[in-house]
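Observations on the model geometry
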Amino acid sequence: MRLKLLLAYDGTGFSGWQIQEKPQPPPTVQGTLEAALGRLAGRPVRVFGSGRTDAGVHAHGQVAHCDVPEKPGRTGRPGFDWRHGLNAVLPPSVRVLAAEAAPPDFDARRDAVAKTYVYQFWREGRFVPPALAPFVWACGPLDEGRMRAALPSFVGERDFASLRNAGSETRGSVRRIFAATLDAQPPQEFYPPHAPLLRLTVTANGFLKQMVRNMAGILAACGRGKLAPEAVPAMLAACERAAVPAPTAPPQGLALARVDYGPADPSAGR
């Protein structure tokens, strides 16, 4: 039976999604999930994600698929509740939000038509709430207006090689960004007055290695007055990472929020 999983995880303690072929491999989300699946199925189970998240990156809505027996080895009973069973043996940092039977040809990666990532900027320089610290970039003050002025340059279909870091296995670098928005979040309850947290939301038909983190780095540089928003188009047109002076934003502010399997342009009609 092919199983479709909807996953959320705190990526802080993981070396990314993908298993690393090393004598002593570091902990990864894929490896942790496969260990739990194997324990329940009574045999090795390979799981395939919709995409890879880097070390320290989180997920609110990662999608994965795997093939499991109709009758898990642990119970021998059909109709097994895979969500309940997996959450019982997985660490608290990984949760299965939904588990359902999928068509035998469903592929979490190839069938995805779009993905949405969010990146969070914490602009208050005086403190960072402990509950938020693992999930934001504590970057300090940023000019929201300058950041918004740069956003339209990213939307559309183009070669995004300037936003791709080294180490990518993908050959092509043309992607289509359907939408990119920057929204100030409501004040955090229980804390003194502070600068609103900013959330970057990007939806595209695919992403290059650390593409959103490089977008976040450019936007932060604009917000700090180190880059002019009107300079962004030329950086993208150069199609080389060296053309972008802004550093890659740190991983903890990034999360895979949603994977779409519906219309080609998920932003249509919203």
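Figured I'd write up the structure that's included with this text. Keep in mind it's a predicted model, so treat the numbers as computed, not measured. (Residues numbered from 1 in each chain as written. Predicted model: local features only at pLDDT ≥ 70, side-chain atom pairs only at ≥ 80, totals over all residues. Heavy atoms only, no water.)

Re the nonpolar core
Let me state the cut-off plainly: In plain words, nonpolar cores are sets of buried Ala, Val, Leu, Ile, Met, Phe, Trp, Tyr and Cys residues tied together by side-chain atoms within 4.5 Å. Residue exposure (1.4 Å probe, protein chains only): buried if accessible area is under 20% of the type maximum, exposed if over 50%, otherwise partly exposed. Only DSSP runs of H or I covering at least 4 residues are called helices, and only runs of E covering at least 2 are called strands; the numbering of each starts at the N terminus. Contact between two residues is taken to exist if any of their heavy atoms lie within 4.5 Å; hydrogens are not considered.
The biggest cluster of nonpolar side chains holds 71 residues, and the ones touching the most others in it are Leu 37, Phe 121, Phe 154, Ile 177, Leu 200 and Ile 218. If you tally residues by element for this core, the top one is helix α4 (residues 211-223), at nine residues. When residues no more than four places from it in sequence are discounted, the contact partners of Leu 200 are Tyr 117, Val 118, Tyr 119, Phe 121, Leu 151, Thr 181, Leu 182, Val 212, Ala 216 and Leu 219.

Regarding the pairing of strand β1 (residues 2-9)
Spelled out, the test is: Two strands qualify as a pair provided DSSP detects at least 2 bridges between them.
For β1, a buried count of six out of eight residues is recorded, marking the element as mostly surrounded by other parts of the structure. Examined bridge by bridge, β1 and strand β3 (residues 58-67) share seven bridges and lie antiparallel to one another. Across the sheet, residue Tyr 9 finds its bridge partner in β3, namely Ala 59. The pairing of β1 with strand β4 (residues 94-101) spans seven bridges and is antiparallel. Paired with Leu 6 across the two strands is Ala 98, which belongs to β4.

Side note on the pattern of salt bridges
Here is the rule: Between Lys or Arg on one side and Asp or Glu on the other, a salt bridge is scored when a side-chain nitrogen of the former is within 4 Å of a carboxyl oxygen of the latter.
What the rule picks out here adds up to eight salt bridges. Residue Asp 54 is joined to Arg 213 by a salt bridge in which the shortest nitrogen-to-oxygen separation is 3.7 Å. Of this pair, Asp 54 sits in the loop between β2 (47-49) and β3 while Arg 213 is found in helix α4, placing the two residues 159 residues apart along the sequence. Of the residues examined, Arg 213 reaches a relative accessible area of 10% and is grouped as buried. For the salt bridge of Arg 123 with Glu 144, the shortest nitrogen-to-oxygen distance reads 3.9 Å. Remark: Glu 144 occurs in helix α3 (residues 144-150) and Arg 123 occurs in the loop between β5 (114-122) and β6 (137-138); sequence separation between them is 21 residues. Residue class for Arg 123 comes out buried when judged on its relative accessible area of 9%. If you follow the salt bridges from partner to partner, you end up with Arg 123, Glu 144 and Arg 148 in one network.

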